[in-house]
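# Summary of the model geometry
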Amino acid sequence: MKEIEFSIRYEPGVDELMDVFHEYPILSCRSSACYSNETAMWRIDHVRGSEAAVAAFSDVFLDEDRCNECLDRPTCDSSREYHILDRTPESRTVYTYRREVHRCHSLPYFVLEHVGDGVVFESRRTQGEYRWKILYPGDEPVGELFDTIERILRDGLSLELSHLRQSGNWNADTRTAFQLSHDQWEVLSHAVDAGYYTRPREVTVAELGEELDLPRSTVQYRLRSAEDLIVSEFVRNTL
């Protein structure tokens, strides 16, 4: 089995859905299941962020008159339906079923055309990036696939091949990420961005609290509880 990872970058203003991620950097959307064949694609996505970010995401993502996957144009003639499986003010779990996917030039469309059946997809949207992780049987080279996708990208989109390797611990990171609460995720992601986990540390817990307008004790508790969860899941899923 081979694993490849593509990253598609969206400049602000070129895609209505990705603009929501630009506007709300804390917003993230991960798929726990994504499958496709020649006629249909079905997937489950988990969205997490602030209440305002999730509401803005839902307004765009659940609009059945637009396509969230096209790479060569803003929309296409495929049909789509959405079902909300779980809802909180700061999260959504959404099932998507898309028909007539041959009319949509999405990344899964080109992958299936290149490597055939048996492909499993994982994806993550955050800020201006739409990252795809792809597991497939066989030894097909990816250079031609990369060139094909890159040629059709509309203005404002760019493609990067992140890695090509033998398959590893598939989906463990997604399961862990969505056990984190929004509060844990917000503090942890801010700590990473601020350099809390670099050596030497570039910021203290007290300084993180000032930046987030939270008490030092609250920041410390959320960091420790998030770290405990991540380490426990890592040991359970990989060792």
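Since the model is a prediction, treat every value here as computed from it, not as a measurement. (Residues numbered from 1 in each chain as written. Predicted model: local features only at pLDDT ≥ 70, side-chain atom pairs only at ≥ 80, totals over all residues. Heavy atoms only, no water.)

### A word on the packing of aromatic side chains
Here is the rule we go by: Note on aromatic pairs: the rings of Phe, Tyr and Trp (six-membered ring only in Trp) are paired at centre separations within 6.5 Å, and the planes decide the class, stacked below 30 degrees, edge-to-face beyond 60, tilted for the rest. In this scheme, the term charge over a ring applies when either NZ of a lysine or CZ of an arginine sits within 6 Å of the ring centre and within 35 degrees of the ring normal.
Under the criterion given, the structure shown has eight aromatic pairs. Judged by centre distance (5.1 Å) and plane angle (40 degrees), the rings of Y130 and W132 are tilted. A network of ring pairs unites the aromatic residues F21, F57, F61 and Y82 as a single cluster. The ring of Y130 has R125 lying over it, and the distance from NZ or CZ to the ring centre is 3.9 Å. A cation over an aromatic ring shows up here: R201 above the ring of Y196, its NZ or CZ 4.0 Å from the ring centre.

### Considerations on helix α6 (residues 182–194)
Formally: The way it works is that DSSP assigns letters per residue, a run of H or I at least four long becomes a helix, a run of E at least two long becomes a strand, and they are numbered from the N terminus. Helix span, as expected, comes to 1.5 Å for every residue beyond the first. Think of it in three bands: with a 1.4 Å probe and only protein chains considered, a residue is buried below 20% of the maximum accessible area for its type, exposed above 50%, and partly exposed in between.
If you check α6, its first and last C-alpha atoms are 18 Å apart, about what 13 residues at 1.5 Å a residue would give, namely 18 Å. Buried residues of α6: H182, Q184, W185, V187, L188 and A191, and no others. Where α6 terminates, the next one or two residues include G195, which has phi positive at roughly 90 degrees.

### Some remarks on the pattern of salt bridges
Here is the rule: Think of a salt bridge as a Lys or Arg side-chain nitrogen and an Asp or Glu carboxyl oxygen that are within 4 Å of each other.
Scanning the entire structure with this criterion turns up eleven salt bridges. Two residues, D15 and R154, come together in a salt bridge whose shortest N-O distance is 2.9 Å. In this pair, D15 sits in the loop between β1 (2–10) and α1 (16–23) while R154 sits in the loop between α4 (143–152) and β8 (157–166), placing the two residues 139 residues apart along the sequence. The partner of R66 in a salt bridge is E16, and the shortest N-O contact between them spans 3.6 Å. You can see R66 sitting in the loop between α2 (51–61) and β4 (79–88) and its partner E16 sitting in helix α1, a full 50 residues away along the chain. Judged by its relative accessible area of 8%, R66 is buried. Three or more residues are tied together by salt bridges with common partners; here these are D15, E16, R66 and R154.

### What about empty space enclosed by the protein?
For the record, the criterion: Here a cavity denotes a set of grid points, spaced 1 Å apart and computed over the protein atoms alone, in which a 1.4 Å probe fits but from which it cannot get out, and a pocket denotes an open set meeting protein on both sides within 12 Å along at least five of seven lines; residues with an atom within 4 Å of a point are reported as lining. Grid points are joined across faces, edges and corners, and a volume is the space filled by probe spheres set on the points. In this classification, the charged set is Asp, Glu, Lys and Arg, the nonpolar set is Ala, Val, Leu, Ile, Met, Phe, Trp, Tyr, Cys and Pro, and all remaining amino acids, among them Gly, are polar.
Taken as a whole, this structure holds one cavity of 30 Å³ or more when the rule is applied. Its volume calculated, the largest cavity comes out at about 40 Å³. Every residue along the wall of the largest cavity is listed here: M41, R43, F61, N68, E69, Y82, T96 and R98. Looking at the lining of the largest cavity, the elements that each hand over two or more residues are β3 (40–48) and β5 (91–99). Grouping the amino acids of the lining of the largest cavity by side-chain chemistry returns three nonpolar, two polar and three charged.

### Let's talk about the nonpolar core
For clarity, the threshold we go by: As used here, the term nonpolar core means buried Ala, Val, Leu, Ile, Met, Phe, Trp, Tyr and Cys residues forming a set that is joined through side-chain atoms within 4.5 Å.
Counting 40 residues, the largest nonpolar core has I8, F57, L107 and I134 as its most contacted members. In terms of nonpolar packing, the next biggest core, distinct from the first, is built from 15 residues, I26, W185, Y196 and L212 among them.

### Regarding helix α3 (residues 107–115)
What counts here: We call two residues in contact whenever any of their non-hydrogen atoms come within 4.5 Å of each other.
L107, P108, F110, V111, L112 and V115 are the residues of α3 that are buried. At its buried positions, α3 is contacted by β1, β2 (28–36), β3, β6 (120–126), β7 (129–136) and α4. G116 sits one or two residues past α3 and shows a positive phi near 90 degrees.

### Things to note about the packing of α1 against α2
Going by this rule: Axis definition: a line fit to C-alpha positions, over the contact stretch in the case of helices; interaxial angles, taken between N-to-C directions, run 0 to 180 degrees. Should an angle lie under 35 degrees it is considered roughly parallel, over 145 roughly antiparallel, and from 65 to 115 roughly perpendicular; all remaining angles are considered oblique.
Between α1 and α2, whose axes approach to 9 Å, the crossing angle comes to 175 degrees. With respect to each other, α1 and α2 are oriented roughly antiparallel. The residues of α2 that touch α1, namely those facing E16, L17, V20 and F21, are A53, A56, F57, V60 and F61.

### Points about the pairing of β6
Look at any regular strand and the pattern is simple: side chains alternate between the two faces of the sheet. Selection rule: In this description, strands pair whenever DSSP reports at least two bridges between them.
β6 sits mainly inside the fold: five of its seven residues count as buried. Relative to β6, β2 runs antiparallel, the two sharing three bridges. Looking across to β6, one finds that S28 is bridged to T126. Across seven bridges, the pairing between β6 and β7 is antiparallel. Bridging across to β7, F121 finds its partner in I134. What sits between β6 and β7 in their antiparallel hairpin is a turn of two residues, with Q127 showing a positive phi close to 50 degrees.

### Structural notes on the environment of E11
Looking at the secondary structure, you find E11 in the loop between β1 and α1. A C-alpha to C-alpha distance of 6.5 Å links E11 and L157, two positions 146 residues apart in sequence. Not counting chain neighbours up to four residues away, the residues in contact with E11 comprise D19, H22 and G156.

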